[in-house]
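Coordinate inspection notes
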Amino acid sequence: DTEVTQTPKHLVMGMTNKKSLKCEQHMGHRAMYWYKQKAKKPPELMFVYSYEKLSINESVPSRFSPECPNSSLLNLHLHALQPEDSALYLCASSLIGDTQYFGPGTRLTVL
Amino acid sequence: AQSVAQPEDQVNVAEGNPLTVKCTYSVSGNPYLFWYVQYPNRGLQFLLKYITGDNLVKGSYGFEAEFNKSQTSFHLKKPSALVSDSALYFCAVTPRQGTASKLTFGTGTRLQVTL
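Remember, it's a predicted structure, so these values are computed and weren't measured experimentally.

Among the secondary structure elements, Gln-38 of chain B is positioned in strand E5 (residues 31–38). Within the structure, Gln-38 of chain B has its side chain in polar contact with the backbone oxygen of Arg-42 of chain B (distance 2.7 Å). Beyond its immediate chain neighbours, meaning those up to four positions away, Gln-38 of chain B contacts Gln-37 and Leu-88 of chain A together with Gly-43, Leu-44, Ala-87, Leu-88 and Phe-90 of chain B.

What follows is the structure, encoded as structure tokens:
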């Protein structure tokens, strides 16, 4: 089973809202990732967690706040987003140094 | 720094014909190379990877890829295309370093298979 689940599938939020994206995997993977994908573009890495610790932050604005409460869960907390943050947010997980498996994504629209 | 180039924005092929989607890469040291496919409004689906060993890698749905170290290429191939193969294909690279690393993607190639 190589399933990564993400909720919600769609999210519409205003610029003053606070919301969270959730990602879950039960494959025993100890690395989890957040990517952002704009339309017709490749995914761009935002954050990497390795053994539940943040290991890579690709200079992401502080209005995006990741959290890894345990080895199966990854959250992305959103606050005071801008319309240009509208995108598909993809979560992935992997064994350390191995293939990344992606979830279906959350389509975020910021009004 | 690592980078991936996919020189074709779109590849058109008739069903039943062979297909090739091109990818070249640049990375320090030895690479891990991947192909992913993305259907509309969906996440990325892993197709195949090259780590070491045989230069011809076989993956899901009849796809294969050929690693060429001298040409730094990793072209995706399929002997007989299906209409259902129509999708967006991404080549990706990560350095072989045994850590949770950044996947760097190419710009993507849209494959259009017609009857």
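Opposite charge on two side chains makes pairing possible when the charged atoms of those side chains draw close. Using the criterion set out here, one finds eight salt bridges over all chains in the structure. Between Lys-36 of chain A and Asp-85 of chain A there is a salt bridge; the shortest N-O distance is 3.9 Å. Taken as a pair, Lys-36 of chain A in strand E4 (residues 31–37) and Asp-85 of chain A in the loop between strand E8 (73–79) and strand E9 (87–94) lie far apart in primary sequence, 49 residues in all. The two residues Lys-36 of chain A and Asp-85 of chain A agree in class, both being buried. In this structure, Lys-58 of chain B and Glu-64 of chain B form a salt bridge, with 2.9 Å as the shortest nitrogen-oxygen distance. For Glu-64 of chain B, a relative accessible area of 17% corresponds to the buried category. The structure contains a network of salt bridges with shared partners spanning Lys-36, Arg-63 and Asp-85 of chain A.

Taken residue by residue, the interface counts 24 residues in chain A and 20 residues in chain B. Note on chain A versus chain B: buried area summed over both sides is about 1,600 Å², and carbon and sulfur give 58% of it. Looking at the side of chain A facing chain B, the largest losses of area belong to Gly-97, Thr-99 and Phe-102 of chain A, adding up to 25% of the total buried there. At the junction of chain A and chain B, the tally comes to two salt bridges. The partner of Asp-98 of chain A in a salt bridge is Lys-49 of chain B, with the nearest N and O atoms 2.7 Å apart. Counting every contact that joins chain A to chain B gives nine residue pairs in polar contact (both at pLDDT 80 or more). Elements that contribute at least two residues to the side of chain A that touches chain B include exactly E4, strand E5 (44–50), E9 and strand E10 (101–102) of chain A. Element by element, the count of residues in the side of chain A that touches chain B is highest for E4 of chain A, at four residues. Class assignment for the residues of the side of chain A that touches chain B results in 14 nonpolar, six polar and four charged.

Residue and element names in this part refer to chain A. Strand order in this open sheet of four strands is E1-E3-E8-E7, and the pairing throughout is antiparallel. Sheet topology places strand E1 (4–7) and strand E7 (64–70) at the edges, where each strand pairs with a single neighbour. Averaged over all pairs of adjacent strands, the angle between their axes in this sheet comes to 20°, without regard to strand direction. Pairing geometry for E7 and E8, over five bridges, is antiparallel. Residue pairing in the sheet places Asn-70 in a bridge with Leu-73 of E8.

The next point concerns unusual backbone geometry. Put simply, Thr-7 of chain A and Pro-8 of chain A share a cis peptide bond, and its omega is -10°. The residue Pro-8 of chain A is located in the loop between E1 and strand E2 (10–13) in this model.

Cut-offs applied
- Residues numbered from 1 in each chain as written.
- Chains lettered and ligands numbered in written order.
- Predicted model: local features only at pLDDT ≥ 70, side-chain atom pairs only at ≥ 80, totals over all residues.
- Heavy atoms only, no water.
- Helix = DSSP H or I, 4+ residues; strand = E, 2+ residues; numbered from the N terminus.
- Polar contact = N/O pair within 3.5 Å; in protein donor to acceptor, adjacent residues only side chain to side chain.
- Contact = heavy atoms within 4.5 Å.
- Salt bridge = Lys/Arg side-chain N within 4 Å of Asp/Glu carboxyl O.
- Buried < 20%, exposed > 50% of the residue type's maximum accessible area, 1.4 Å probe, protein only.
- Buried area = accessible area lost by both parts, 1.4 Å probe.
- Nonpolar A, V, L, I, M, F, W, Y, C, P; charged D, E, K, R; others polar.
- Pairing = 2+ DSSP bridges.
- Axes fitted to C-alpha atoms, helices over the stretch in contact; angles between N-to-C directions.

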